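The chain contents come next:
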Amino acid sequence: MRSRSSASNSEAGGAPRLSSLRAGARGVIRGVVPDANGRVERLAALGVTAGASIEVLQTFPGVVFRCDETELAIEPAVARAILVDES
Amino acid sequence: MACPQARFSSPSVSPVVRLRPHPLRVALVGNPNVGKSVLFERLTGRYATVSNYPGTTVAVTRGRALVGAEVCEIIDTPGVTTLDGHLSEDEEVTRRVLARGEAELVVHVADARSLRRTLLLSAQLAAFELPTILVLNMADEARAHGIVIDRDALEEELGIPVVETVAVDGRGMGDLRAALASGAILKKVAGQVNGDAVVWARRVAERCRRRSGVRVARWQERFATLARNPWSGVPILLVTLYVMYLFVGVFGAQFLVGLLEETAFGAYLNPWAAAAVERSVPFAFVQDLLTGPYGLISMGLTYAIAIVLPVVATFFLIFGLLEDSGYIPRVAIFSDRMFRAMGLNGKAVLPMVLGLGCDTMATMTTRILHTRKERLIAILLLALGIPCSAQLATIMGILGGISFAALVTLFGVVMAQMFLVGFLAARIVPGERSEFILELPPIRRPRLANVATKTLLRVRWYLGEAVPLFLIGTFFLFVMDRVGALAWVTAAAEPLVTGLLGLPAATAGVFIMGFLRRDYGAAGLFVLAQNHELSGVQAVVALTVMTLFVPCVAHFLMIVKEQGLKTGLAIVGVVTPIAIFTGALLNHAFKVFGIEF
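To keep things clear, this report deals only with the structure shown in the data block. All of these numbers come straight from a predicted model, not from anything done at the bench.

Concerning helix α11 (residues 230–280) of chain B
Residue and element names in this part refer to chain B.
Then, in step 1: The end-to-end C-alpha separation of α11 is 65 Å, well short of the 75 Å expected for 51 residues at 1.5 Å each.
Then, in step 2: Along α11, the largest kink reaches about 50° and is centred on F265.
Then, in step 3: If you check the start of α11, you find a side-chain oxygen 3.0 Å away from the backbone N of W231, and it comes from N229.

Focus: the packing of helix α13 (residues 296–325) of chain B against helix α18 (residues 389–400) of chain B
Residue and element names in this part refer to chain B.
Then, in step 1: Two elements in contact, α13 and α18, have axes whose closest approach is 8 Å; the angle formed by their N-to-C orientations is 115°. Our classification of the angle between α13 and α18 gives roughly perpendicular. Pair α13 / α18 crosses with right-handed handedness. Two secondary-structure elements touch here, α13 through I307, V308, V311, V312, F315 and F316 and α18 through S389, A390, L392, A393 and T394.
Then, in step 2: Taken together, the residues that form the contact of α13 with α18 break down as nine nonpolar, two polar and no charged.

Considerations on the sheet that holds strand β4 (residues 70–74) of chain A
Then, in step 1: Read from one edge of the open sheet, six strands run β5(A)-β1(A)-β2(A)-β3(A)-β4(A)-β10(B), paired in antiparallel fashion. Edge positions in the sheet fall to β5 (82–86) of chain A together with β10 (437–440) of chain B, since each has one partner strand and no second. Strand-to-strand, the axes of this sheet are offset by a mean angle of 40°, without reference to chain direction.
Then, in step 2: As paired strands, strand β3 (residues 63–67) of chain A and β4 of chain A are joined by five bridges and run antiparallel to one another. Each residue of the ladder has a partner; that of V63 of chain A, found in β4 of chain A, is I74 of chain A.

Observations regarding the packing of α18 of chain B against helix α24 (residues 536–548) of chain B
Residue and element names in this part refer to chain B.
Then, in step 1: The interhelical angle for the contact between α18 and α24, taken along N-to-C directions, is 170°, at an axis separation of 11 Å. With respect to their mutual orientation, α18 and α24 come out roughly antiparallel. Contacts between α18 and α24 pair Q391, I395, I398 and L399 from the former with A539, V540, L543, M546 and T547 from the latter.
Then, in step 2: Of the residues that constitute the contact of α18 with α24, the class distribution is seven nonpolar, two polar and no charged.

A look at the pairing of strand β4 (residues 105–111) of chain B
All names here are of chain B.
Then, in step 1: β4 sits mainly inside the fold: seven of its seven residues count as buried.
Then, in step 2: In β4, alternate side chains face the same way, and those of L105, V107, V109 and D111 on one face and V106, H108 and A110 on the other are all buried.
Then, in step 3: Relative to β4, strand β1 (residues 24–30) is paired through five bridges, and the arrangement is parallel. Its bridge partner lying in β4, G30 is registered against V109.
Then, in step 4: Pairing between β4 and strand β5 (residues 131–137): six bridges, direction parallel. Across the sheet, the residue bridging to D111 is N137, located in β5.
Then, in step 5: Crossover β4 to β5 through helix α4 (residues 115–125) is right-handed.

Procedures and definitions
- Residues numbered from 1 in each chain as written.
- Chains lettered and ligands numbered in written order.
- Predicted model: local features only at pLDDT ≥ 70, side-chain atom pairs only at ≥ 80, totals over all residues.
- Heavy atoms only, no water.
- Helix = DSSP H or I, 4+ residues; strand = E, 2+ residues; numbered from the N terminus.
- Expected span 1.5 Å × (residues − 1).
- Bend = angle between axes of the 7 residues up to and from the residue.
- Polar contact = N/O pair within 3.5 Å; in protein donor to acceptor, adjacent residues only side chain to side chain.
- Axes fitted to C-alpha atoms, helices over the stretch in contact; angles between N-to-C directions.
- Parallel < 35°, antiparallel > 145°, perpendicular 65-115°, else oblique.
- Left-handed = near helix turned anticlockwise from the far one by under 90°.
- Contact = heavy atoms within 4.5 Å.
- Nonpolar A, V, L, I, M, F, W, Y, C, P; charged D, E, K, R; others polar.
- Pairing = 2+ DSSP bridges.
- Buried < 20%, exposed > 50% of the residue type's maximum accessible area, 1.4 Å probe, protein only.
- Right-handed = clockwise from strand over helix to strand, strands pointing away.

Have a look at this one:
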C-alpha cells in the first residue's frame with residue numbers, strides 16, 4: 001500500500017496529496033490520479049481541475065474542502081488521489 | 001440595460017411570433033441545485049418540487065409558458081455536473097433531451113458564484129449546437145459573497161445572451177423572457193474550447209469575475225461549519241432527530257391523531273355516519289359495507305384520514321424544512337463510512353432519508369447513484385427497512401404510547417438488519433461502488449412559502465394515492481370476511497402468526513392489509529394496540545415484521561419500473577422471509593430473556 005502510493009507520488013513529482021493537508025490549509029490543485037471509473041472527469045465537472053485553488057475545511061470523518069465557491073465532501077481514497085501544491 | 005434581443009436575434013427570425021408546427025421547446029439545463037425548478041415555476045406557473053440539495057429533480061417536467069405572444073414548452077431537466085463521459089442515470093435523462101432534438105433552445109441555468117464550473121458545462125453544451133442563453137441565477141448570494149460578474153464581457157466571450165436573475169424573488173425574469181426569443185449558438189465557445197476547456201474556462205472566469213474580497217461570515221456559514229464538524233455535527237443530528245420525533249411522533253401521531261380519531265371520527269363522524277346509514281339504507285349488507293367492522297367509512301376512511309394523514313402531514317412539513325435548509329447532504333459526511341461497508345457511499349443517505357417520506361419516490365431518486373450495483377443495493381434497502389412517513393406515523397403512534405425503549409428496540413433491530421443485508425449484498429451483488437464525492441449546498445433559510453406548497457402537494461398526492469387503495473383494501477377485506485376467506489386465511493396463517501411470531505390471530509388479517517400498503521397494515525395494528533389486543537412485546541414484533549415486510553403496491557411497481565420484474569420479484573423474495581425470520585427471532589429472544597415493554 002505504502003510502496004504503491006509513494007510510486008505514484010514520484011510519478012507526480014512528489015506533490016503532496018490533499019489527504020496530507022490539515023484543516024485550514026490552502027493550496028492549488030496540480031492534478032488528479034486517474035482511475036477506471038472516471039474519477040478525473042467527475043472531479044473536473046465539479047471544478048476540481050489543475051490550477052484551481054482550494055481550502056481544506058475538515059479532515060475527519062471525511063475530507064471537506066472548498067474549491068472556488070463549491071464545498072465538496074469526499075472519502076479518504078479520493079483525497080489521496082488529488083495532488084496539491086500547498087501555499 | 002441594453003436590450004439583448006437587438007444584439008442576438010438573427011435578422012431572419014422575428015423574436016415575437018414565429019410560425020412553428022409546435023410550441024418552441026426550451027430546456028432548462030445546468031449544474032445540480034442551481035434553481036432550475038424555481039425558474040421553471042416562475043416561467044410556467046407550474047410547481048416542480050424545489051429543495052436545497054442536488055438530485056431533487058430526477059425526471060423531466062414539462063410546462064407551458066407565454067413569452068411575448070408565443071407559447072413555449074419549458075422542460076425542467078435533472079441537474080448535470082457533466083454531459084460527457086460517465087453519466088449517472090439522471091444526467092443521462094438530460095443528455096437525451098439535448099441529443100435527441102427534444103429542445104430547440106437551451107437555457108443554461110447557473111449559480112452565479114461558480115462561474116468557472118458553469119463555463120466548463122458551457123463548453124460541453126456547445127457540442128449540441130443549440131441556441132443558448134446563460135442565466136446567472138442566485139445573483140444576490142453571489143454579491144453577498146463579494147462576487148461581481150462583468151456581464152458584458154461574458155456575453156462577448158460566449159457570443160450568447162447572459163441574464164442575471166434571483167429566481168426565488170422573481171428578479172430578472174423580465175430580462176429572461178425578453179432574451180428567450182434571442183438565444184444564439186455557442187459558436188464562439190466551440191471555436192475557443194477545442195484545445196482545452198479547463199484552461200479556457202479559467203481564463204474567461206478570471207476575466208469576467210471580480211471579487212470584492214469582503215467575505216462576510218454569515219450565520220449560515222457558521223451553522224454549516226458546526227453541522228459538518230463531528231464534535232458539534234453529531235449532537236446537531238441527534239437533536240434534529242429528537243425534534244422530528246417530538247413534532248411527528250408526539251404532536252402528530254399522538255395529539256393530532258387523538259384529536260381526529262377519538263374525537264372527530266370516534267365521537268362524531270362514525271356514530272353519525274352509522275346512524276345516517278341505518279336510517280336511509282334498509283339493507284344490513286350495505287350498512288355493514290359502509291359502517292361495519294370492515295366498513296369503507298368506519299375503517300377505510302378512518303385509517304386514512306384520522307390515523308395516517310396527521311403524521312404524513314407533520315412529517316412532510318418538517319421534512320420540507322430540512323430539505324430546504326441544505327442540512328441533509330451534510331449527514332452524508334458522517335454516514336459515508338457506514339454506507340461504504342454496504343457497497344454504497346455517503347451519497348446514498350439522500351434516497352434513504354427521502355424514503356422516510358415515501359419509498360416510492362425515493363426508489364426513483366436512486367438514479368443519482370453512479371453504478372448499477374449501488375442502485376440495486378439502495379433499492380433493496382429501501383424495500384427492506386426504510387419505513388415511509390405513513391408507516392412511521394403508526395409506529396410512533398403505537399410504540400410512543402408504550403415506551404421509548406420499545407421504539408429504540410424496533411429501530412435498532414431494523415437498522416441492524418439493514419446493515420447486515422447491505423453488508424452481504426455488497427459482497428454478493430456484482431459490480432463496483434463509486435467513490436464518495438458530494439457537493440454540499442449552502443445552508444439557507446427555508447422559504448416558508450415553498451415548504452408550505454411542497455407539503456400541501458405531497459399531502460394531496462398522499463390522499464390521491466393512498467385513500468383509494470385504503471378503500472379498495474377495505475372492500476377486499478369486507479368481501480373476504482363475507483365469503484369466509486378471512487377466517488380461512490387467518491386459520492391457515494395461525495401457526496406462523498400465533499406460533500412462530502407469538503401474535504394474536506387477528507394480526508393475520510392485518511398482514512394481509514400490509515400487502516396492499518404497509519401503512520394500512522400498520523394502521524390495523526394501531527387499532528389492535530388501542531383495543532389492548534397487543535402486548536408491548538407483540539407490538540414490537542408485529543411492527544418489526546411489518547417494517548421489514550414487502551413494500552406497498554405503488555412501491556413494488558416503481559421497483560419493477562426501475563429494475564425490471566425479475567429484480568422486483570427477487571427483492572420481494574428476499575425481503576419477506578427476512579421479515580418473518582427476524583420477527584420469529586425477536587419473539588423468542590424476548591421470551592428467553594424475559595423482556596417486557
